[in-house]
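Given next are the chains, with one letter for each unit.
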Amino acid sequence: MRFDILTVLPGLLESPFAHSILLRAQKKGIAEIHVHNLRDYATNKHKSVDDYPYGGGSGMVMMIEPFAACIEKLKAEREYDEVIFMTPDGETLNQNIANQLSVKGNIMILCGHYKGIDQRVRDLYVTREMSIGDYVLSGGELPAAVLVDSVVRLIPGVLSDETSALSDSFQGDLLDAPVYTRPADWNGHKVPDILLSGNTPEIEKWRFEQALERTKARRPDLLNE
Ligand code: ADE
């Protein structure tokens, strides 16, 4: 699977993909992540990527030319299943959408900044608009990293223990049960006896009950879907 991310701040995306599971997925050749600097596609002599909004108002608007030039170049090289624009007014990302995207081939992601991007970019090129939640960030880079992370870990072969993605909170209907590791007793705070019992069926039952209790307490909406 291949991601192409278009941004004016490529530096913001240097680190998120250079660690842990995302790095491993790239090393295994399962995922390719390419970051493109929109400034390299600026067409005027000042290399500007934004301009004042028509009609007045505060803030700058990202221009269509750098987006169009970069998108057209990439589209000439391969076909894209989705061109996603990260924006707080998009559809909210959830596990279902991450699952759907994890079986795609090529995905392009556009990061906005300033007051937004010229509406014609959205009208002409974007196939899907995604938000990572009801709050506003300074740009689409961190949301793009969140989207890529949520998708890449679901691609078969990325997680060494494939069942671990399947048992994630949100992958089923329930949140995860609590987990513990050594020491079994830390300053009198003990790990539940059941987890030390070696009785696998009873441990599974306990985990299910804990998951159910946690879901009822924190996210009852998940049980009513
Ligand atoms: N850009 C700024 N805020 C965002 C959000 N919450 N989700 C996606 N893109 C954004």
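Residues numbered from 1 in each chain as written. Predicted model: local features only at pLDDT ≥ 70, side-chain atom pairs only at ≥ 80, totals over all residues.

When its secondary structure is counted, the protein shows eight helices and nine strands. Since a compact globule built from 225 residues should have a radius of gyration of about 17 Å, the 22 Å found for the protein marks it as more spread out than a globular shape. Dimensions of the protein, computed from C-alpha atoms along their principal axes, come out at roughly 70 × 40 × 35 Å. Buried positions account for 25% of the 225 residues belonging to the protein. (Helix = DSSP H or I, 4+ residues; strand = E, 2+ residues; numbered from the N terminus. Rg over C-alpha atoms; globule rule 2.2 N^0.38 Å. Buried ≥ 20, exposed ≤ 12 C-beta atoms within 10 Å, placed from the backbone.)

The next thing to look at is the environment of Ala 145. Counting through the fold element by element, Ala 145 comes out in helix H5 (residues 141–152). Discounting residues that sit within four places of it in the chain, Ala 145 has contacts with Leu 13 and Pro 16. (Contact = placed C-beta atoms within 7 Å.)

Quick look at the UniProt feature "binding site: S-adenosyl-L-methionine" (unreviewed entry) in the protein now. Mapped onto this structure's residue numbering, the UniProt feature "binding site: S-adenosyl-L-methionine" (unreviewed entry) falls at Gly 112, Ile 132, Gly 133, Asp 134, Tyr 135, Val 136 and Leu 137. Position of Ile 132 relative to the elements: it lies in the loop between strand E7 (128–131) and H5. Once residues lying within four places of it in the same chain are set aside, the contact partners of Ile 132 are Leu 93, Pro 143 and Val 146. One can find Gly 133 in the loop between E7 and H5. What makes Gly 133 exposed here is the crowd of 11 C-beta atoms within 10 Å. (UniProt positions renumbered as here; feature names shortened; annotations may be inferred.)

Around the ligand sit Met 86, Thr 87, Pro 88, Ser 131, Ile 132, Gly 133, Tyr 135, Val 136, Leu 137, Gly 140 and Pro 143, and those are all the residues in its vicinity. Counting residues per element, the shell around the ligand draws most heavily on strand E5 (residues 82–92), at three residues. Looking at the shell around the ligand residue by residue, the classes come out as seven nonpolar, four polar and no charged. (Near = placed C-beta within 6 Å. Nonpolar A, V, L, I, M, F, W, Y, C, P; charged D, E, K, R; others polar.)

The next point concerns the domain arrangement of the protein. Along its sequence, the protein is carved into domain 1 (2–152) and domain 2 (173–223). Placing the centre of domain 1 and that of domain 2 at their C-alpha centroids yields a distance of 38 Å. (Domains from an automatic or database assignment.)

Quick look at the sheet that holds strand E1 (residues 2–7) now. Read across the open sheet, the five strands follow the order E2-E1-E6-E5-E7; overall the sheet is parallel. What marks the edges here is a single partner per strand, and that holds for strand E2 (32–37) and E7. The average undirected angle you get between the axes of adjacent strands in this sheet is 30°. In the sheet, E1 pairs with strand E6 (residues 106–111) via five bridges, with the strands oriented parallel. When the sheet's bridge partners are listed, Ile 5 is paired in E6 with Ile 109. Relative to E6, H5 is tilted by about 160°, and along the sheet it contacts E1, E2, E5, E6 and E7. (Pairing = 2+ DSSP bridges. Axes fitted to C-alpha atoms, helices over the stretch in contact; angles between N-to-C directions.)

So, on to the nonpolar core. Residues Ile 5, Ile 84, Met 86, Ile 109, Leu 110, Ala 144 and Val 148 are the most contacted members of the largest nonpolar core, which totals 42 residues. When residues of this core are traced back to their parent elements, those giving at least two are E1, E2, helix H2 (64–77), E5, helix H3 (95–101), E6 and H5. Among the elements that take part in this core, H5 stands out by supplying six residues, more than any other. Apart from residues lying up to four places away in sequence, Ala 144 is in contact with Ile 5, Met 86, Ile 109 and Cys 111. (Core = buried A, V, L, I, M, F, W, Y, C linked by C-beta atoms within 7 Å.)

In terms of burial, E1 is largely enclosed, as five of its six residues are buried. As paired elements, E1 and E2 share six bridges and run parallel to each other. Within the sheet, the bridge partner assigned to Leu 6 lies in E2 and is His 36. Where the polypeptide runs from E1 across helix H1 (residues 20–27) and back to E2, its parallel neighbour, the crossover connection is right-handed. (Right-handed = clockwise from strand over helix to strand, strands pointing away.)

Tracing the backbone through its elements, the reader meets Leu 110 in strand E6. On a C-alpha basis, the gap between Leu 110 and Glu 141 in space is 8.6 Å, while along the polypeptide they are 31 residues apart. Apart from the residues within four sequence positions on either side, Leu 110 is in contact with Leu 6, Phe 67, Val 83, Phe 85, Met 86, Val 126 and Gly 140.

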